[in-house]
Amino acid sequence: MLDRDGFRPNVGIVLLNQKNQVFWGKRIRTHSWQFPQGGIDRGETPEQAMFRELHEEVGLHPEHVSIVARTRDWLRYEVPDRYVRRDARGHYKGQKQIWFLLQLVGHDWDLNLRATDHPEFDAWRWNDYWVPLDAVVEFKRGVYEMALTELARYLPRNESRNRFLRHGGGRHRDPDSGFDRLQPNIMELPPGASFEPDPGTNLPPHHE
């Protein structure tokens, strides 16, 4: 389902834990990391699509999360022609997305990457809110930064964030975005989470 400009309606999901870290998934059989996202089916509202994708991609149900905020308008990115199926070129341009900020009210063990027969991710981790954009495929980076910036004002107050500074790591200023980022050597993972020590930028086989 494309709009008149060739963009497919889509939802993106920023899922927070109690430390204001975000769920970061590794696309199956690749080294590309991203937030959960997926298309809006005909007849669905963005919120309905979000809950469907939340279950299909990470195994969570509505009772496991609370909605904190959503972006006001569509955020768009174009997909380069070389990543578009040949039969769709000339019609499909990319995605227009509504992003949701969710708070996990369940537990880490509620997450299930095998909730369907067609998993999107084969590993996951909790990451600092300002995710390392160089681990995101290049044409999505602008939308990620816009979504995180707009939703950041709604982050729940979290007094425990300063504890990261006691682990020998620190923040540094990203010269491109101006945002403070946590140094990667202070990454903490919950029990059972998978860790990819050097997430790269290899592209997934397809982009929803």
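Cut-offs and rules
- Residues numbered from 1 in each chain as written.
- Predicted model: local features only at pLDDT ≥ 70, side-chain atom pairs only at ≥ 80, totals over all residues.
- Heavy atoms only, no water.
- Helix = DSSP H or I, 4+ residues; strand = E, 2+ residues; numbered from the N terminus.
- Buried < 20%, exposed > 50% of the residue type's maximum accessible area, 1.4 Å probe, protein only.
- Areas by Shrake-Rupley, 256 points an atom, 1.4 Å probe, with all protein chains shown as cover.
- Phe/Tyr/Trp six-rings, centres within 6.5 Å; stacked < 30°, edge-to-face > 60°.
- pLDDT = per-residue confidence, 0-100.
- Contact = heavy atoms within 4.5 Å.
- Expected span 1.5 Å × (residues − 1).
- Salt bridge = Lys/Arg side-chain N within 4 Å of Asp/Glu carboxyl O.
- Pairing = 2+ DSSP bridges.
- Core = buried A, V, L, I, M, F, W, Y, C linked by side-chain atoms within 4.5 Å.

### Considerations on the overall build of the protein chain
Across its full length, the protein chain carries two helices and ten strands. Residue burial in the protein chain is summarised as follows: out of 208 residues, 50% are buried. About 10,800 Å² of surface is accessible on the protein chain, with carbon and sulfur atoms providing 46% of the total.

### Here we look at the packing of aromatic side chains
How two aromatic rings sit relative to each other is given by the distance of their centres and the angle of their planes. Counted according to the given criterion, the structure contains eleven aromatic pairs. Measuring from centroid to centroid gives 6.4 Å for Phe-23 and Trp-126, while their planes differ by 85°, and the two rings are edge-to-face. Pair noted here: Phe-23 is in strand β2 (residues 22–27) and Trp-126 is in strand β8 (residues 121–127), with a separation of 103 residues, a long-range link. Of the two residues examined, Phe-23 and Trp-126, each falls in the buried class.

### Focus: the confidence of the model for the protein chain
With 75% of its residues at a pLDDT of 70 or more, the protein chain has an overall mean of 81. Note that residues 159–206 has pLDDT below 50 and, in this model, 90 contacts with residues that lie over four places away or in other chains.

### Structural notes on helix α1 (residues 46–58)
With 13 residues, α1 ought to run about 18 Å at 1.5 Å a step, and its terminal C-alpha atoms sit 17 Å apart, in line with that. Ala-49, Met-50, Phe-51, Glu-53, Leu-54, Glu-57 and Val-58 are the residues of α1 that are buried. The inward-facing, buried residues of α1 abut β1 (7–16), β2, β4 (37–39), β5 (65–70), β7 (94–104) and β8. Directly beyond the C-terminal end of α1, a positive phi value near 80° is found at Gly-59.

### Some thoughts on the environment of His-64
The class of His-64 is buried, set by a relative accessible area of 14%. As a C-alpha pair, His-64 and Asp-110 span 46 residues in sequence and 7.8 Å in three-dimensional space. With sequence-adjacent residues up to four places away left out, His-64 is seen in contact with Gln-103, Leu-104, Val-105, Gly-106 and Asp-110.

### Considerations on the pattern of salt bridges
Within the structure shown, the criterion is met by eight salt bridges. Put simply, Arg-52 and Glu-44 hold a salt bridge, and the shortest N to O gap is 2.8 Å. Among the salt bridges present, the one from Arg-72 reaches Glu-150, with a minimum N-O distance of 3.4 Å. Remark: Glu-150 occurs in helix α2 (residues 141–152) and Arg-72 occurs in the loop between β5 and β6 (75–78); sequence separation between them is 78 residues. Residues joined in a network through salt bridges with shared partners are Asp-41, Glu-44, Arg-52, Glu-53 and Glu-56.

### Thoughts on the pairing of β7
Across the eleven residues that make up β7, a large majority, eleven, are buried. Where β1 lies against β7, ten bridges are found, and the strand directions are parallel. Each bridged residue has a counterpart across the sheet, and for Val-14 the counterpart in β7 is Leu-101. Across five bridges, the pairing between β5 and β7 is antiparallel.

### Structural notes on the nonpolar core
Ranked by size, the top nonpolar core spans 27 residues in total, and within it Val-14, Trp-24, Phe-35, Trp-99, Tyr-129, Val-131 and Tyr-144 carry the most contacts. The set of elements that each furnish at least two residues to this core consists of β1, β2, β6, β7 and α2. With five residues, α2 is the largest single contributor of residues to this core. Membership of the second largest hydrophobic core comes to 21 residues, among which are Ile-40, Ala-49, Val-58 and Leu-113.

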